[in-house]
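# Survey of secondary and tertiary structure
Letter by letter, the chains look like this.
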Amino acid sequence: MKKTPTPGELSQMVLPLISRENIMADCQVFGALERFSGSADAEKAADHILNRLEEYGIDHKALEFTGYLSRGLSAELKVVSPFQKEYDVLACGFSANAEALEGELYYDFMSEQPELTQKENKLRFADFQDKIILTRHSASKVVREAQAAGARGVIAVYPTPDPVPHYLGTGVIWGNPTPDNAWLLHSMPCVNCTLEAGEEMIEACRKGRVWISMTTRVSTGPTRCTIPTAYIPGAKENFVLISGHYDAHGYGMTDNGAGDAILLEMARVFHQNRSSLQRSILFCWWSGHEDCPYAGSVWFADNYWQELRDRCVAHVNVDVTGCRNAHQIRARTTRMEGKEFTDSLIKEFTGRDPLPYIPLPHVGEQSFLGREIPITVMFKYEADPKTSNFAGVSGGYWWHTRDDTIDKVDYEICMRDAGINTKMACRILNAPHLPVNMLQFSQETENLLREIDNCLGPDFDLSPVYPKLKELQEALTRLTEALPRHKDTDAIIKKVAGEMIRIQFTYRSPYEYDRLGTPSNFQKFRAVMGVDRSNTDPEPYLFLQTDFIRHRNRFIGEMDKIIDTIRYQLLKWRFED
């Protein structure tokens, strides 16, 4: 029987095969297409991906889905009094259409604070009636409250001094709406403006009354899209999902045209070495990422729920890669794989000491956290703050702008990003046991809970979770000691590690999706940090108390289930031995 290569041996086989020329050629194709989801250009991009897979002899499928998508088409913003000036703005996705809407501009001065209490927000929104609101918060953070307060429109000021406005939507529904959450949609015209434009209008508002005219043109509705997929079988049916989105705002070459080219090249080199793979690989190129958001991956997670739950052991998301000036890589992860796993890769491929990890955020293609998937990693590629004054996503200001064109792609950095993601995949694909550190994760979980606990008032009591967490840690210790003595441990690691991730990083059932814009983990516990009776009215305070207690009970109850799963597995192994 042929010996399966170790992860290191597999890396040595596939990394030298990665072709800069192939990545460049695919980037040239994507760079000529404005890939708004479901558009003719986006479908041409999907066809290119499928044709490449056909050329490489890789088993592939074109899946089709309908997403409830929204795209800003055009927008205009003019100050008509006390001076006249037109500003460059972009309409927000899920904005309402408006033609020459005129009204008084009101500066949301309280948006200068990053977080506000319930009572502060109550005072804040009371002044929105019949005004067009100029805010430093993202439109998605304020639009529903503004509409309820009787505002007529929203202008969101981008926080960094970039030369062009950014495409940002107002949707907070993860994937397609359902009857239960469709109320979160709104009917308010919204635009995004630059910091320079915003500061000029803010200064005018400080001096007196300002009148503006705003036009928004938005296309919203069901849209048919394609998801190219490729499957590379290994010795086992369990698979690593490697994905990225091919749709974009405009040309979107660092978000995510270069990433799409990297995925194609990863598929090619792994296919050439398919006989050496222990686990299988599923590649997916999503649409509906920018315009829903995440409609494609949510549709896939819904329609392939059982396959993901039963067989997917990891998700590697490749997004915003190959960026000019992005010399620094940060680990953005659930931490289940352990600090050393990503630290060693970052050190190898950048030559830099790794910075602290970023908790996996509630953005990007994180549609699979309720599917018992133990490992999820989405590296963040960014400019070095020591040599650049840019601190946002990507290597420069062009993220989510019309300037994200092919000249923003650095092919040396593409090769680096292809390399680090390929080697990470090798470490998962051919590991004898999935590379997780469940005990370390549980200990870090306790540390996070205690940090949150220090910011909670006396009516929000986390003390009941700690004895159960200690019981879980004891069970995890026994499981961790037993794993090396057994083969085919993917299933128990999926069940235990995947459920630990689910109860920390999501708050709904494994068949539903959280709202966008929540914190990355322990969302319901973090929601009451700093909340007390002095800054919150009695009714919302009672509602928060009730929600907190229910989610504390959920956390304890789900830990009980994980402990029972571990005990059953240990007992089963004992009888098998």
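A brief structural summary. Here the residue index of a chain counts from 1 through its sequence in written order. Predicted model: local features are reported for residues with pLDDT of at least 70 only, side-chain atom pairs are reported and counted for 80 or more only, and whole-chain, interface and lining totals are derived from all residues. Each side-chain value is derived from all of the structure's non-hydrogen atoms; neither hydrogens nor water enter the calculation.

## Digging into the overall build of the chain
Every helix listed is a DSSP run of H or I at least four residues long, and every strand listed is a run of E at least two residues long, numbered separately from the N terminus. Scanning the chain from N- to C-terminus turns up 16 helices and 16 strands. Over its C-alpha atoms the chain spans a radius of gyration of 24 Å, differing by no more than 12% from the 25 Å that the globule rule assigns to 577 residues. Overall size of the chain, expressed as C-alpha extent along the three principal axes, is 80 × 60 × 45 Å. A 1.4 Å probe rolled over the protein chains alone gives each residue an accessible area, and that area as a share of the maximum for its type sets the label: buried under 20%, exposed over 50%, partly exposed in between. Within the chain, buried positions represent 59% of all 577 residues. In the chain, 82% of the contacts between residues at least 6 apart in sequence involve partners at least 24 apart. Only the protein chains shown count as covering a residue, and every accessible area follows the Shrake-Rupley method with a 1.4 Å probe. Accessible area for the chain stands at about 23,500 Å²; split by element, carbon and sulfur atoms hold 51% of it. Positive and negative side-chain charges in the chain, numbering 65 and 79 respectively, have mean positions lying 4 Å apart. C-alpha atoms define the radius of gyration, and 2.2 Å times the number of residues to the power 0.38 defines the globule rule. We call two residues contacting when some pair of their heavy atoms lies within 4.5 Å. Note that His is not counted, nor are the chain ends; the positive residues are Lys and Arg, and the negative ones are Asp and Glu. Just so you know, the charge point we use is NZ for Lys, CZ for Arg, CG for Asp and CD for Glu.

## What about the nonpolar core?
Only buried residues count toward a nonpolar core, which is a set of Ala, Val, Leu, Ile, Met, Phe, Trp, Tyr and Cys residues joined through side-chain atoms within 4.5 Å. The biggest cluster of nonpolar side chains holds 105 residues, and the ones touching the most others in it are Ile-242, Phe-270, Phe-283 and Ile-428. Take this core: its biggest share by element is 10 residues, from helix H7 (residues 253-272). Beyond its immediate chain neighbours, meaning those up to four positions away, Ile-242 contacts Leu-263, Met-266, Ile-281, Leu-282, Phe-283, Cys-284, Val-316, Val-318 and Ala-425. Core analysis: the next-biggest nonpolar cluster, separate from the first, contains 27 residues, Trp-174, Leu-184, Cys-284 and Trp-286 among them.

## Quick word on the packing of aromatic side chains
Put simply, two rings from Phe, Tyr or Trp (the six-membered ring, in Trp's case) pair if the centres are within 6.5 Å, and we call them stacked under 30 degrees between planes, edge-to-face over 60, tilted for the rest. Evaluation of the coordinates by the stated rule reveals 19 aromatic pairs. Plain terms: the ring middles of Trp-299 and Tyr-304 are 6.2 Å apart, the flat faces sit at 70 degrees to each other, and that makes the pair edge-to-face. With relative accessibility at 25%, the residue Tyr-304 sits in the partly exposed group. The interplanar angle of 85 degrees and the centroid separation of 5.4 Å between the aromatic rings of Phe-460 and Phe-548 together place this pair among those described as edge-to-face. Here Phe-548 lies in helix H16 (residues 538-576) and Phe-460 lies in the loop between helix H12 (438-453) and helix H13 (465-482), a separation of 88 residues in the sequence. Of the two residues, Phe-460 and Phe-548, both sit in the buried class. An aromatic cluster is defined as three or more aromatic residues linked by ring pairs; in this entry it consists of Phe-65, Trp-286, Trp-299, Phe-300, Tyr-304 and Phe-368. By definition, being over a ring means that NZ of Lys or CZ of Arg is both within 6 Å of the ring centre and within 35 degrees of the ring normal. Between Arg-427 and the ring centre of Phe-341, over which it is positioned, the NZ or CZ distance is 5.8 Å.

## Things to note about helix H3 (residues 40-56)
Three- or four-residue spacings in an α-helix give side chains the same orientation, since the helix completes a turn every 3.6 residues. Over its 17 residues, H3 runs 24 Å from end to end, which matches the ideal 24 Å to within 8%, given 1.5 Å per residue. Taken as a whole, H3 has its buried residues at Ala-42, Ala-45, Ala-46, His-48, Ile-49, Leu-50, Arg-52, Leu-53 and Tyr-56. Residues of H3 that are buried sit in contact with helix H2 (20-30), strand S1 (59-81), strand S8 (210-232), H7 and strand S10 (280-286). One or two positions beyond H3, positive phi appears at Gly-57, with a value near 75 degrees. Every helix has an expected span of 1.5 Å times one less than the residues it contains.

## With respect to the packing of H7 against helix H11 (residues 411-429)
To get an axis, a line is fitted to the C-alpha atoms, and for a helix only the part in contact is used. The angle between two axes follows their N-to-C directions and goes from 0 to 180 degrees. It is the contact of H7 with H11, at a shortest axis distance of 10 Å, that shows an interaxial angle of 45 degrees. Viewed along their axes, H7 and H11 adopt a mutual orientation that is oblique. Note on packing geometry: the crossing formed by H7 with H11 is right-handed. Residues Ala-258, Ile-262, Met-266 and Phe-270 of H7 touch H11, and the partners they reach there are Cys-414, Asp-417, Ala-418, Asn-421, Thr-422, Ala-425, Cys-426 and Leu-429. Classification convention: Asp, Glu, Lys, Arg as charged; Ala, Val, Leu, Ile, Met, Phe, Trp, Tyr, Cys, Pro as nonpolar; all other residues, Gly among them, as polar. A breakdown of the residues in the contact of H7 with H11 according to their chemical character gives 9 nonpolar, 2 polar and 1 charged. Comment on the angle field: the value is read as roughly parallel under 35 degrees, roughly antiparallel over 145, roughly perpendicular from 65 to 115, and oblique elsewhere. By the definition used in this description, the sense in which the near helix is turned from the far one sets the handedness, with an anticlockwise turn below a right angle giving left-handed and a clockwise turn giving right-handed.

## Some details on the packing of H2 against H7
The contact between H2 and H7 brings their axes to 9 Å, and the two run at 140 degrees. When the interaxial angle is binned, H2 and H7 end up oblique. Remark: the crossing between H2 and H7 carries right-handed chirality. Counted together, Asn-22, Ile-23, Asp-26, Cys-27 and Phe-30 of H2 and Met-253, Gly-257, Ala-258, Asp-260, Ala-261, Ile-262, Leu-264, Glu-265 and Arg-268 of H7 form the full contact between these two elements. Classifying every residue of the contact of H2 with H7 by side-chain character gives 8 nonpolar, 2 polar and 4 charged.

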